[in-house]
Amino acid sequence: MTKKHTDPLERVAQEMKKCVKCGACRANCPAFGTFQREPATARGKVALAQHLVKGDITLDDGTYAAMSKCLLCGSCVDKCPNQVPTDEIVIAAREALAQRRGLTTFHKAVGQVIRNRKLMDFGALAAAVLGPIFFRKVPSTSGLRLRFPMPFIGGSRHIPQIAKKPFMKRHPEIIKGEPGKPTIVFFVGCMTNFVYTEIGEATLALFRHLGCTVIIPQGQQCCGLPGMSGGDLDTVRELAEQNLAAIEKHQADYVMTACATCGGALHKLYPLVIGKRNPELKARLQAVADKTVDAAVLLQKLGLHPEETGTGQRMRITYHDPCHHRTAGIAKQPRTLLKETPGLDLVEMEGADRCCGLGGTFNVYHYESSLDINAGKSKAIIDTGADAVVTGCPGCIMQLSDGLKQAGDKTRVLHTVELLARKIRR
């Protein structure tokens, strides 16, 4: 194995030494819960990474399989007595694998798409028009199932509808607010832009209600996390630079996102992963990270009164904590806003902060295991008797919706801002 292929792991070699193989991660790892094999644990992955650095083993199919069985949810880091950054170690291992073996066909395609906004726009339009044809429910005996094979998409998977017009194409770049009020850069994210545009509309309505100037940089790109999960750090760096340039064009008090995943990228992973690999970008990445804030956190900070904006409809709800919120300490703020919203009765589910099983491309390569993890979450939601489960991540919304539909349940899945903005969006 050449030095080039071990460099990513050598960057985190010192961090690996923190692992004392105590096994605390086993009880908290959703991947281990479904695979029940040691390589699926954080401890197992750290041990593999240590041997890769030593050159005792090679980057073979077994190593690749082991490193793919991680949701990067951070549960192991939260519960580790030594705070071993297993998520960062796994990202480094996946980068080393990509350098050694090349990107998979799927991740090559992902990289090509997320690097090209025009291609994403065209693909979204095509999906919006052709989706009903390709994804319409047909009997299992129908030959149509064979006529239109869709790679990486299981026959039972519930696919959300693509918006016919992306959120960013519906609004000007700068929406002026009241003098003296904060100026906010809205980092929209791909899921909000192309799928759940109602999240973007609700978010915009809330900050306009507060008198803020909202900037929607037209040069913003995908945050890059789909590429990071496949070891394609070159694509992530490219996207990070473009996002930096788009954000830095504007003088803003905050960089706000209503997507926990995008927030995790900008606030944590950009400086932690891209900054370490590209020191010349580190200061700029950190400056954006310091301004990045979740929509619910910022709404509370700016003094939103939910009784003025939120639903008056009586509704029993429960709340799911996205992993990127949990690791950032975002839990009380959305709950407080929801509790202050007239008509909402918030009841906690068991394991509200447990991963829903999405994990980006984990859901693609290990869909059945992803559903297995999600089954526990679906049961916890159903057991509350809630009319809706609320969360702060569009990715989680897609995963929770799929799991509940698989279970034959009709519980609605909503974003926090949708309930907070219901009165002013009617």
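Residues numbered from 1 in each chain as written. Predicted model: local features only at pLDDT ≥ 70, side-chain atom pairs only at ≥ 80, totals over all residues. Heavy atoms only, no water.

Labelled according to an unreviewed UniProt entry, the protein chain appears under the name Glycolate oxidase iron-sulfur subunit, originating from Geomonas paludis. UniProt's Function (unreviewed entry) comment on the protein chain is quoted here verbatim: "Component of a complex that catalyzes the oxidation of glycolate to glyoxylate." (UniProt positions renumbered as here; feature names shortened; annotations may be inferred.)

Student: Looking at this structure, how should I read the pairing of strand β6 (residues 315-319)?
Tutor: Looking along a regular strand, one sees side chains alternate from face to face of the sheet. Where burial is concerned, most of β6 is hidden: four out of the five residues are buried. The sheet contact formed by β6 and strand β7 (residues 344-346) spans three bridges and is parallel. Bridge pairing in β7 places Ile317 opposite Leu346. Two elements, β6 and strand β8 (residues 388-391), share three bridges in a ladder whose sense is parallel. (Buried < 20%, exposed > 50% of the residue type's maximum accessible area, 1.4 Å probe, protein only. Helix = DSSP H or I, 4+ residues; strand = E, 2+ residues; numbered from the N terminus. Pairing = 2+ DSSP bridges.)

Student: How should the state of the cysteines be read in this particular structure?
Tutor: By definition, a disulfide is the covalent link that joins the sulfur atoms of two cysteine residues. Following the criterion strictly, the structure yields zero disulfides and no others. This cysteine, Cys76, is not joined by any disulfide, and Cys73 carries the nearest cysteine sulfur, 6.3 Å off. The structure places no disulfide on Cys393, whose sulfur is separated from the nearest cysteine sulfur, that of Cys396, by 4.0 Å. (Disulfide = S-S within 2.5 Å.)

Student: In this structure, what is going on with the packing of aromatic side chains? I would like to understand it.
Tutor: In this description, an aromatic ring pair is defined by two values, namely the gap between the centres and the angle between the planes. In total, this model carries three aromatic pairs according to the counting rule given. Both rings, one in Phe35 and one in Phe362, keep their centres 6.2 Å apart while their planes meet at 80 degrees; by these two values the pair is edge-to-face. Placement of Phe35 in helix α3 (residues 30-35) and of Phe362 in helix α21 (residues 362-365) is noted, with a sequence separation of 327 residues between them. The burial state of Phe35 is the same as that of Phe362; both residues are buried. When the centroid spacing of 5.7 Å and the interplanar angle of 90 degrees are considered together, the rings of Phe106 and Tyr365 count as edge-to-face. Pair noted here: Phe106 is in helix α8 (residues 105-114) and Tyr365 is in helix α21, with a separation of 259 residues, a long-range link. Note that Lys69 overlies the ring of Phe35, its terminal NZ or CZ placed 4.8 Å from the centroid. (Phe/Tyr/Trp six-rings, centres within 6.5 Å; stacked < 30°, edge-to-face > 60°. Lys NZ or Arg CZ within 6 Å of the ring centre and 35° of its normal.)

Student: I'm lost on the sheet that holds β7 in this one. Help?
Tutor: Backbone-to-backbone hydrogen bonds join strands into a sheet, with any given pair of strands oriented parallel or antiparallel. The parallel open sheet is built from four strands, whose spatial order is β7-β6-β8-β9. On the outer flanks of this sheet lie β7 and β9 (412-415), each paired with one strand and no other. Pairwise comparison of adjacent strand axes, ignoring direction, gives a mean angle of 35 degrees for this sheet. Seen against the sheet, helix α20 (residues 332-339) touches β6, β7 and β8 and runs at an angle of roughly 175 degrees to β6. Together, β8 and β9 form the strand contacts of helix α23 (residues 394-406), whose direction differs from that of β9 by roughly 175 degrees. (Axes fitted to C-alpha atoms, helices over the stretch in contact; angles between N-to-C directions. Contact = heavy atoms within 4.5 Å.)

Student: Please clarify how unusual backbone geometry should be interpreted in this entry.
Tutor: What you tend to see is this: most non-glycine residues have negative phi, and most peptide bonds are trans. Even without being glycine, Gln36 reaches a positive phi, approximately 55 degrees. Backbone geometry at Leu72 places phi at a positive 55 degrees, although glycine is not the residue there. Tracing the backbone through its elements, the reader meets Leu72 in the loop between α5 (61-68) and α6 (75-79).

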